[in-house]
Amino acid sequence: MKSFISQGVQILATGSAVPSVSLNNDQISKIVETSDDWIFTRTGIKERRLLTGNQQSVIDLATVASARALDKISMNPAQLDLIILATSSPNDLFGSASQVQFEIGAINAVAFDLTAACSGFVLGLVTAVQYLRTGSYSNALVIGADVLSKWVNWSDRTTCILFGDAAGAVILQSCSTIDNSILDFQLNTDGNYSNYLSIQYQIDDYPHPLLNLYQGSFKFISMNGKEVYKFAVSQVPLSILKCLNNLNMSVNDIDWLLLHQANERILKAVAEKLSISDNKIIANLGKYGNTSAASIPLALDEALANNKIANNDIIVIAGFGAGLTWGTIIIRWKSSQLK
Ligand code: UT7
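Note that this is a predicted model, so its numbers are computed, not measured.

(A) How the structure looks around the environment of Ser88. Position of Ser88 relative to the elements: it lies in the loop between strand 4 (82–86) and helix 4 (97–104). In the structure, Ser88 is positioned 135 residues away from Met223 in sequence and 15 Å away in space, judged by C-alpha atoms. Beyond its immediate chain neighbours, meaning those up to four positions away, Ser88 contacts Thr115, Ala116, Ala117, Ala145 and Asp146. At 2.9 Å, the side chain of Ser88 forms a polar contact with the backbone nitrogen of Ala117.

(B) Spatial organisation of the UniProt feature "domain: Beta-ketoacyl-[acyl-carrier-protein] synthase III C-terminal" (unreviewed entry) in the protein chain. Per the UniProt record, the feature "domain: Beta-ketoacyl-[acyl-carrier-protein] synthase III C-terminal" (unreviewed entry) sits at residues 245–333. With 30% helix and 22% strand, residues 245–333 has its two end C-alpha atoms placed 19 Å apart.

(C) Representation of the packing of helix 3 (residues 58–72) against helix 4 in the model. At a minimum axis separation of 9 Å, helix 3 and helix 4 run at an interaxial angle of 45 degrees. For the element pair helix 3 / helix 4, the angle class is oblique. Relative to helix 4, the crossing made by helix 3 is right-handed. For the pair helix 3 and helix 4, contact is made by Ile59, Ala62, Thr63, Ser66, Ala67 and Leu70 and by Gln99, Val100, Glu103 and Ile104, respectively. Here the residues of the contact of helix 3 with helix 4 are counted per class, giving six nonpolar, three polar and one charged.

(D) Representation of the pattern of salt bridges. Applying the stated criterion across every chain yields a total of five salt bridges. Across the salt bridge formed by Glu227 and Lys230, the nearest N and O atoms sit 3.2 Å from each other. A residue pair is termed a helical-turn pair when its members lie 3 or 4 positions apart in one helix, as Glu227 and Lys230 do in helix 7 (residues 225–246) at three residues. For Glu227, a relative accessible area of 25% translates into the label partly exposed. The salt bridge partner of Glu302 is Lys287, with a shortest N-O separation of 3.1 Å. Pair noted here: Glu302 is in helix 10 (residues 295–305) and Lys287 is in helix 9 (residues 285–288), with a separation of 15 residues, a long-range link. Exposure remark for Lys287: the relative accessible area of 39% places this residue in the partly exposed category.

(E) Representation of the packing of aromatic side chains in the model. Inspection of the entire model under this criterion finds five aromatic pairs. Centroid distance Trp151 to Phe218: 6.1 Å. Interplanar angle 85 degrees. Geometry classified as edge-to-face. Taken together, the positions of Trp151 in the loop between strand 6 (139–146) and helix 6 (157–160) and Phe218 in strand 10 (residues 216–223) put the pair 67 residues apart, joining distant regions of the chain. Relative accessible area serves as the criterion here: at 23%, Trp151 is assigned to the partly exposed category. Look at Tyr193 and Tyr196: their rings are 5.1 Å apart centre to centre, the planes differ by 25 degrees, and that puts the pair in the stacked class.

(F) Inspection of the domain arrangement of the protein chain at higher detail. Taken domain by domain, the protein chain comprises domain 1 (8–179) and domain 2 (182–193 + 221–332). The C-alpha-based centres of domain 1 and domain 2 are spaced at 16 Å. Listed by partner, the interface residues are 46 residues for domain 1 and 37 residues for domain 2. Sorting the residues of domain 1 by area buried against domain 2 places Cys118, Phe121 and Val122 first, and these three jointly supply 17% of that buried surface. Where domain 1 meets domain 2, there are one salt bridge. Residues Lys72 and Asp301 are paired through a salt bridge, measuring 2.7 Å at the closest nitrogen-oxygen approach. In this assembly, domain 1 and domain 2 are joined by 17 residue pairs in polar contact (both at pLDDT 80 or more). Elements represented by at least two residues in the side of domain 1 that touches domain 2 include exactly strand 1 (8–17), helix 2 (36–43), strand 3 (47–50), helix 5 (120–133), strand 6, helix 6 and strand 7 (166–175). Considering every element that reaches the side of domain 1 that touches domain 2, the biggest residue donor is helix 5, with eight residues. When grouped by side-chain class, the residues that make up the side of domain 1 that touches domain 2 number 24 nonpolar, 13 polar and nine charged.

Definitions and cut-offs
Residues numbered from 1 in each chain as written. Predicted model: local features only at pLDDT ≥ 70, side-chain atom pairs only at ≥ 80, totals over all residues. Heavy atoms only, no water. Helix = DSSP H or I, 4+ residues; strand = E, 2+ residues; numbered from the N terminus. Contact = heavy atoms within 4.5 Å. Polar contact = N/O pair within 3.5 Å; in protein donor to acceptor, adjacent residues only side chain to side chain. UniProt positions renumbered as here; feature names shortened; annotations may be inferred. Axes fitted to C-alpha atoms, helices over the stretch in contact; angles between N-to-C directions. Parallel < 35°, antiparallel > 145°, perpendicular 65-115°, else oblique. Left-handed = near helix turned anticlockwise from the far one by under 90°. Nonpolar A, V, L, I, M, F, W, Y, C, P; charged D, E, K, R; others polar. Salt bridge = Lys/Arg side-chain N within 4 Å of Asp/Glu carboxyl O. Buried < 20%, exposed > 50% of the residue type's maximum accessible area, 1.4 Å probe, protein only. Phe/Tyr/Trp six-rings, centres within 6.5 Å; stacked < 30°, edge-to-face > 60°. Domains from an automatic or database assignment. Buried area = accessible area lost by both parts, 1.4 Å probe.

Okay, structure coming up:
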């Protein structure tokens, strides 16, 4: 947030999409050795949504979430200049954002994917904000979407109970600095611990006979849950405090704490460390599980639909996950209209 910034940024609308098929804890306990009691006590999750069948992908969820956001403000998709799709489960490793761009008819938008797992939405939002603040673009769509059910080992009870599929989208617009809604951000990466949570590329045992060239394929999600838990509970509060400090704000200024929906115990532990009361936590992971890059925009969209968030409320958003990456964005909510 340096002096060359000439514009503010507002969030005009949000949208989300989840698959219709749900899988509850009792159903999962017929697939792996677990129980509703274990899952709910350790995570707060009751059920999750799965994108079943072979006809749909992350692109479909991202498209529906985006279309819903556009519809809310009757925005012509041709007005979008930029689309960032934060996903770690693309349908095409060359990128899925261009297919979303085509599906929603955003003919004037440049579109690209951003890969940062559960921190993807936070990084995508911050990236889009830079284009808007400098005046390069006026309207941006940021989508967080993941279908990690396709990358989970359904015989590994330590991971398959956690994840669900979803997409969430926000439409951003540049505005005068007086109306600015995105107050500050704070981002971090520590690649030293990338092995705590990954979908690794596994190289085949034998190379191409003539080229000495090894090919391979991606494995399932692997996670050291305990270490990721400790990392989140220790680092996320620090990131939030740094961000508040930059703004000369205190935890008392926070109206809503919107964390990546990984585990209810993490949400409560972070709130407790910051002395924020539980009734300021936005949580919907009981219904959807950990939806990775989608979790924050999905929870934001739901909170707005439930009229939880009022004009000028301060929302602290923090993402964390594989990389390891983590970061905070502080928002002053403006109930705005498309100009
Ligand atoms: O989105 C990216 C960020 N990801 C996260 O934030 C995940 C962070 N980590 C977590 O949320 C938690 O570590 C988990 C929910 C994944 C696990 O909870 P935990 O309290 O750390 O459990 P644990 O891994 O220490 O396992 C405790 C016991 C073990 O048995 P023993 O060794 O004590 O006999 C596990 O084998 O629970 C066992 N266990 C299970 N039992 C029933 C592990 N998974 C299950 C299961 N059902 N699904």
